[in-house]
Amino acid sequence: ITDWDPFSMCAGLFTGKPVISIDNSQCILRTKIDVPWKKVWSYITAYIIIWTLIPKANYYFITSFFNPVPTKRNTSIILPLVRPEIIKKKCSRKNFFLVYQTSTSNTKLIEILKTFEENFVIYGFGEERTENNLVFKKTGHKDFFVHLTSCKGIITNGGFSLMTEA
């Protein structure tokens, strides 16, 4: 079972084991979607990348917020997956924003956040420290679910899973 992992795909292909793909990106390859003309080049680029990484799964489950129509066999649309740890949590609203970054290169963001009279809990910069209104946590920190379910809002550079769980 792969979630956008080409190594799992290769392992299945080379060992003859069936591969099941569960992700949202296959929507581009395996469903009918309307692409605005000005986005065609981005669409083609994404199509090539996705096809290259997960080309021959035996079955595709596409997680989606909307209901695209599958155009290829062995394809099903399912609701986004949410971890049980998130479902069980009671939501609250505390006095901070959760910041989740998958790139450590966005250092300008840190300087911008310092200018606000708000508190931020920041994941993704690979460090544990506090600086003024910023609290840094390492990705995978045990309190991530607590922060996710108790923040005022989320700032992220993307990520389908985080948007789903939010």
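Residues numbered from 1 in each chain as written. Predicted model: local features only at pLDDT ≥ 70, side-chain atom pairs only at ≥ 80, totals over all residues. Heavy atoms only, no water.

Caption draft 1: Structural context of the layout of surface pockets. In this structure, the largest pocket occupies an estimated 460 Å³ of space. Ranked by residue count, the leading element in the lining of the largest pocket is helix 7 (residues 160–165), at five residues. Among the residues making up the lining of the largest pocket, the classes are represented as nine nonpolar, 12 polar and four charged. (1 Å grid on protein atoms, 1.4 Å probe; cavity = no way out; pocket = protein on both sides within 12 Å on 5 of 7 lines; lining within 4 Å. Points joined across faces, edges and corners; volume = space filled by probe spheres on them. Helix = DSSP H or I, 4+ residues; strand = E, 2+ residues; numbered from the N terminus. Nonpolar A, V, L, I, M, F, W, Y, C, P; charged D, E, K, R; others polar.)

Caption draft 2: A look at the pattern of salt bridges. Taken as a whole and judged by the stated rule, the model has eight salt bridges. The closest approach of N and O atoms between K32 and D34, which form a salt bridge, is 4.0 Å. A relative accessible area of 71% means that D34 is categorised as exposed. Across the pair K114 and E111 runs a salt bridge whose closest N-O atoms are separated by 3.2 Å. Residue K114 and its partner E111 are located together in helix 5 (residues 107–114), separated by three residues, close to a single helical turn. For E111, a relative accessible area of 47% gives the class partly exposed. Connected through shared salt-bridge partners, E111, K114, E127, R129 and E131 make up one network. (Salt bridge = Lys/Arg side-chain N within 4 Å of Asp/Glu carboxyl O. Buried < 20%, exposed > 50% of the residue type's maximum accessible area, 1.4 Å probe, protein only.)

Caption draft 3: Up close: helix 5. Every buried residue of helix 5 is accounted for by L109, I110 and L113. The buried residues of helix 5 occupy one face: seen down the axis, they fall within an arc of 105°. Buried residues in helix 5 make contact with strand 6 (97–100), strand 7 (120–123), strand 9 (134–137) and strand 10 (153–156). (Arc of directions from axis to C-beta. Contact = heavy atoms within 4.5 Å.)

Caption draft 4: Broad picture of the sheet that holds strand 6. Sheet architecture is open: five strands sit in the order 8-9-7-6-10, paired in mixed fashion. Strands with a single pairing partner mark the edges of an open sheet, and in this sheet they are strand 8 (129–131) and strand 10. The mean inter-strand angle of the sheet, taken between neighbouring strand axes irrespective of direction, is 20°. Bridge count between strand 7 and strand 9: four bridges; the pairing is parallel. Note on strand 9: the bridge partner recorded for Y123 is K137. Contacts from helix 5 reach strand 6, strand 7, strand 8, strand 9 and strand 10, with the element oriented near 145° to strand 9. (Pairing = 2+ DSSP bridges. Axes fitted to C-alpha atoms, helices over the stretch in contact; angles between N-to-C directions.)

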